[in-house]
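# Notes for the structure review
One-letter residues, chain by chain:
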Amino acid sequence: MSIERTFGIVKPDAVGKSAIGAVIALIEKSGLRIVALRHTQLSDAQAEGFYAVHKARPFFKDLVAFMTSGPCVLMALEGENAISRYRELMGATDSKKAVAGTIRAAYGTDIERNAVHGSDGPDSARIELGFFFTGCDLLGSA
Ligand code: CMP
């Protein structure tokens, strides 16, 4: 067991459903601690940069268009094994395959409109947290 930090996004589809509070409630109920939170509108450059690893994928253009289609909420989450725990709470990437009780089952629609993002491992967590937050944004880091 180790205390980890991970990066999460409440995506524009969930924000559009007025589900910010519900998603955050599930995260807090799971025992993860929110150590940074920002409600923002991503620019094309931010979305393209954040998802650069998917640049060659056929869905990249649509993904960027979706992620810039409305505001989203950026989060830094902390807790024991936070990375895997948050991924479990999110559910399968394809919301249609997400099991009941997960965020994507409740608020996602399909593989693109899947309500939330979460880092898939320690390296991406570090890179993604650093992409949107500086050290002094994160509680307990300053
Ligand atoms: P996310 O966890 O934010 O990481 C990358 C995103 O790309 C993923 O959620 C999906 O929203 C999207 N994605 C992954 N695979 C596909 C796909 N086959 N078609 C459309 N979007 C996809």
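Here is a short report on the structure shown in this document. Positions within a chain are numbered from 1, following the residues in the order the chain's sequence is written. Given that this is a predicted model, residues contribute local features only at a pLDDT of at least 70 and side-chain atom pairs are listed and counted only at 80 or more, while totals for whole chains, interfaces and linings are drawn from all residues. Just so you know, side-chain values use all the structure's heavy atoms and leave hydrogens and water out.

### A look at the nonpolar core
In these notes, a set of buried Ala, Val, Leu, Ile, Met, Phe, Trp, Tyr and Cys residues joined through side-chain atoms within 4.5 Å is what counts as a nonpolar core. The classification of residues rests on relative accessible area computed with a 1.4 Å probe and restricted to protein chains. Under 20% of the type maximum is buried, over 50% is exposed, and intermediate values are partly exposed. If you look at the biggest cluster of nonpolar residues, it comprises 20 residues, and the most contacted ones within it are Phe-7, Met-67, Leu-74 and Phe-133. If you list the elements that add at least two residues to this core, you get β1 (3–10), β2 (33–40), α3 (44–50), α4 (60–67), β3 (72–80) and α7 (122–132). Excluding residues that lie within four positions of it along the chain, Phe-7 makes contacts with Phe-50, Leu-74, Met-75, Tyr-86, His-117, Gly-118, Ser-119, Glu-128, Leu-129, Phe-132 and Phe-133. Ala-14, Ala-19, Ile-103 and Val-116 belong to the second-largest nonpolar core, a separate cluster that totals 19 residues. Note on conventions: DSSP H or I runs of at least 4 residues are helices, E runs of at least 2 residues are strands, and numbering of each starts at the N terminus. Contacts were defined at the residue level, with two residues in contact if any of their heavy atoms lie within 4.5 Å.

### Description of the site of the ligand
Definition of nearness: a residue and a molecule or strand are near each other if at least one heavy atom of the residue lies within 4 Å of the molecule or strand. Taken together, Lys-11, Tyr-51, His-54, Phe-59, Leu-63, Thr-93, Arg-104, Ile-111, Glu-112, Asn-114 and His-117 are the residues near the ligand. Polar contact is defined as a pair of N or O atoms within 3.5 Å, subject to the rule that within protein one atom must be able to donate a hydrogen and the other to accept it, and that residues adjacent in sequence are counted only when both atoms are side-chain atoms. Taking Tyr-51, its side chain carries an N or O atom lying 2.6 Å from an oxygen atom of the ligand. Interatomic distance of 3.5 Å between a backbone N/O atom of Glu-112 and an oxygen atom of the ligand. Note on areas: these come from Shrake-Rupley sampling with a 1.4 Å probe, and a residue is covered only by the protein chains present in the view. Look at the ligand: alone it shows 460 Å² of surface, and the protein chains cover 79% of it. Grouping the amino acids of the shell around the ligand by side-chain chemistry returns four nonpolar, four polar and three charged. Each residue gets one of three labels, nonpolar for Ala, Val, Leu, Ile, Met, Phe, Trp, Tyr, Cys and Pro, charged for Asp, Glu, Lys and Arg, and polar for the others, Gly among them.

### With respect to the sheet that holds β2
Strand order in the open sheet made by the four strands is β2-β3-β1-β4, with antiparallel pairing throughout. On the outer flanks of this sheet lie β2 and β4 (116–118), each paired with one strand and no other. When the angles between neighbouring strand axes are averaged without regard to direction, this sheet yields 20°. Two strands form a pair only when DSSP identifies at least two bridges running between them. Pairing geometry for β1 and β4, over three bridges, is antiparallel. Following the sheet pairing, Ile-9 is matched in β4 by His-117. Docked against the sheet, helix α2 (residues 20–29) engages β1, β2, β3 and β4, running at close to 165° with respect to β2. Along the sheet, helix α5 (residues 82–90) contacts β1, β3 and β4; its crossing angle with β1, the most-contacted strand, is approximately 35°. Only the stretch in contact is used when fitting a helix axis, every axis being a line fitted to C-alpha atoms; angles between N-to-C directions are given from 0 to 180 degrees.

### Regarding the environment of Ala-98
Mapped onto the fold, Ala-98 is located in the loop between α5 and α6 (103–107). Remark: the alpha-carbon pair of Ala-98 and Glu-88, spanning ten residues in sequence, is separated by 9.8 Å. When residues no more than four places from it in sequence are discounted, the contact partners of Ala-98 are Gly-91, Ala-92, Arg-104 and Ala-105.

### Focus on the packing of aromatic side chains
Paired rings are identified among Phe, Tyr and Trp, the last through its six-membered ring, by centres lying within 6.5 Å, and are further divided according to the angle between planes into stacked (under 30 degrees), edge-to-face (over 60) and tilted (the rest). On inspection of all chains with the given rule, the structure shows seven aromatic pairs. Consider the rings of Phe-50 and Phe-132, whose centres lie 5.4 Å apart with planes at 40°: the pair is tilted. One end of the pair, Phe-50, is in helix α3; the other, Phe-132, is in helix α7, and 82 residues separate them in sequence. The same class applies to Phe-50 and to Phe-132, which are both buried.

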